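If you want the building blocks of each chain, they are given just below.
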Amino acid sequence: VGGLAYFQGKSAVERTTFEHLTSVRAGKANQIESYFDQIRKQARTLVQSRMVVEAMAGFDEAHKELEDLELTDEQRSSVGAHYRDVYLPRLASHTEKSVDIAPYLPSDLAEEYLQYHYIAANPFPLGEKDLLDEADDASTYSELHRTYHPALKSIVHEFGYYDLFLVDGSGNVVYTVKKEVDFGTNLADGPFQDSNLAEAFRAAERAVVSGEPQLVDFAAYDPSYGEPASFLAAPIVEGGWMLGVLILQMPVGEIDRVMTNSRGWQIDGHGRTGETYLVGSDYLMRSNSRLALEDRESYVNSSRDSGLSERDARRILDFGTTILIQEVRTDAVESALSGETATEIGRDYRGTEVLGSYAPLNIEGVEWAIVSEIGADEAFARIRSFTRNLVLGLSGLLGLVLLASWFLARRFVEPIVGLESSARRFASGETEVEVPVTTNDEVGRLATSFNEMVSAIRQKTADLKRTAEELEGVSSVILRWGPDGTIRFMNGFGLELFGFAEKELIGRP
């Protein structure tokens with residue numbers, strides 16, 4: 001019964017856990033798919049708004065005018081100093097690669113002009129350059145920037161984007177909200193022509209006819225110091241002509257908010273070890289690991305044991321993310337990327353045994369898998385508790401059974417043993433034998449019968465003894481002739497019993 005209860009309980013826990021993981025996974029998948037679908041709708045709406053169309057056209061014209069403006073040698077030196085002293089050292093520390101300054105320096109006057117006034121000479125600190133609404137250069141570009149920047153910045157903050165770009169038809173990044181070093185560069189032949197931002201621009205160019213926004217998967221993005229970046233690009237069309245491209249840089253934080261329920265894993269029913277994460281076709285994470293978010297150093301130390309390289313460990317510590325760093329080449333991910341949806345017990349990316357539910361995601365432009373897992377130790381903790389309680393209960397029950405068996409054995413067997421002992425005593429010649437009768441069951445009735453039998457035998461024995469004594473007395477009579485001619489009967493002790501005259505015996509039997 002205990003074994004049956006254990007296996008049925010384990011099966012029930014597995015089934016319940018898998019059902020819960022599948023429910024969470026399906027819910028997160030629906031949220032992520034809906035999120036990207038919502039961003040596509042927002043991009044379609046933005047590229048059709050008069051503000052964005054006019055901003056694109058205005059920045060395009062103003063950017064061309066910047067080609068006629070020049071900077072002083074001191075201003076050019078300031079731009080170079082920003083690359084040499086601020087941007088490149090930080091990029092090198094994050095990417096751990098040797099970086100040459102030459103490919104990054106502005107290659108035309110407009111790019112150099114914009115980067116000086118809105119980056120190098122921007123009075124706000126790094127990461128807050130978007131707080132500058134207008135550079136003090138009295139240019140047409142700055143007037144447009146003062147007009148449109150507050151509204152475009154509000155869109156970024158309101159919808160949670162990381163950045164917003166306006167790129168003209170030639171690939172010039174004529175406007176960004178964040179003002180990183182991609183601002184003013186050319187995506188066709190500039191320093192970031194091989195980035196996924198440039199890929200997003202080219203994808204939008206190809207989609208001019210359909211007008212559909214194009215999503216480009218995450219990749220390390222140098223202007224953001226090598227941090228992961230994903231882009232959604234949509235063509236801005238006016239009168240059948242493409243004025244430019246609107247590009248939205250996807251926020252990692254929003255994806256994490258959905259996948260972690262704002263770090264409320266236990267509210268989602270993930271317990272202490274459960275998590276749901278995204279994996280790309282390159283087997284790298286597209287959302288953060290729960291363990292890395294909760295305790296980055298502990299996560300890195302434990303991941304080193306499962307094969308995480310020192311370079312990747314430092315990147316996780318520097319960036320505070322596992323996106324595009326943590327490889328997840330597990331059976332679950334392999335199956336999900338192959339289009340399968342299922343549940344199974346397997347190993348996670350750290351080699352820990354887990355119960356998991358996985359499926360492919362339906363997001364146009366990317367090939368992602370979603371996996372929801374929980375540690376087997378935690379999932380089966382209830383089974384272990386149940387088993388421990390079951391063993392304790394069965395042990396207690398076994399003790400009670402043994403005690404009851406001992407008590408019942410004494411109750412049923414002792415009378416029989418006593419009866420057997422009495423029978424042996426009686427058989428050995430002891431006549432004063434009597435079995436105590438304490439019950440009215442079969443054993444009690446047997447004892448009563450035995451006592452009656454012993455009593456009857458004792459009575460018969462006494463009668464036989466008496467008869468034997470009488471016979472012994474008769475057999476000891478001695479017949480003698482008296483001196484007077486009479487026949488005398490004498491017992492063994494010489495006492496005369498009775499006598500008859502000879503003549504009196506004649507005719508007697």
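Since this is a predicted model, take the numbers as computed values, not measurements.

Rules behind the numbers
- Residues numbered from 1 in each chain as written.
- Predicted model: local features only at pLDDT ≥ 70, side-chain atom pairs only at ≥ 80, totals over all residues.
- Heavy atoms only, no water.
- Buried < 20%, exposed > 50% of the residue type's maximum accessible area, 1.4 Å probe, protein only.
- Helix = DSSP H or I, 4+ residues; strand = E, 2+ residues; numbered from the N terminus.
- Arc of directions from axis to C-beta.
- Contact = heavy atoms within 4.5 Å.
- Polar contact = N/O pair within 3.5 Å; in protein donor to acceptor, adjacent residues only side chain to side chain.
- Phe/Tyr/Trp six-rings, centres within 6.5 Å; stacked < 30°, edge-to-face > 60°.
- Lys NZ or Arg CZ within 6 Å of the ring centre and 35° of its normal.

**Q** How should I be thinking about helix H10 (residues 310-319) in this particular structure?
**A** What sets the pattern is the α-helix's 3.6 residues per turn: residues three or four places apart point alike. Looking at H10, one finds that the buried residues are Asp-312, Ala-313, Arg-315, Ile-316 and Phe-319. For H10, the angular spread of buried residues about the axis comes to 160°, placing them on one side. Those residues of H10 that are buried lie in contact with helix H3 (73-95), strand S4 (227-238) and helix H9 (296-305). Two residues or fewer past H10, Gly-320 is found with a positive phi of approximately 70°.

**Q** Explain helix H4 (residues 109-120) to me, please; I cannot follow it from the model alone.
**A** Here H4 lies mainly inside the structure; 10 of its 12 residues are buried. Taken as a whole, H4 has its buried residues at Ala-110, Glu-111, Glu-112, Tyr-113, Leu-114, Gln-115, Tyr-116, His-117, Tyr-118 and Ile-119. The inward-facing, buried residues of H4 abut helix H2 (50-65), H3 and helix H5 (140-159). Capping of H4 at its N-terminal end is provided by Asp-108; its side-chain oxygen lies 3.2 Å from the backbone amide nitrogen of Ala-110.

**Q** Can you walk me through the packing of aromatic side chains in this structure?
**A** For any pair of aromatic rings, geometry is given as the distance between the ring centres together with the angle between the planes. Across all of its chains, the model carries 17 aromatic pairs by this definition. With a centroid separation of 5.8 Å and 85° between ring planes, the pair formed by Tyr-83 and Tyr-87 is classed as edge-to-face. Here the residue Tyr-83 and the residue Tyr-87 both occupy positions in helix H3, the gap between them amounting to 4 residues, near one helical turn. According to the relative accessible area criterion, Tyr-87 is buried, its value standing at 0%. For the ring pair Tyr-141 and Phe-183, a centre distance of 6.4 Å and an interplane angle of 45° mean the geometry is tilted. With a gap of 42 residues between them, Tyr-141 in helix H5 and Phe-183 in the loop between strand S2 (173-176) and helix H6 (196-206) connect regions that are remote in the sequence. Here a set of aromatic residues connected by ring pairs shows up, and it is made of Phe-59, Tyr-118, Tyr-141, Tyr-148, Tyr-175 and Phe-183. The ring of Phe-380 is capped by Lys-10, whose NZ or CZ atom sits 5.5 Å from the centre of that ring. Positioned over the ring face of Phe-183 is Lys-179, at 5.2 Å from the centre of the ring.

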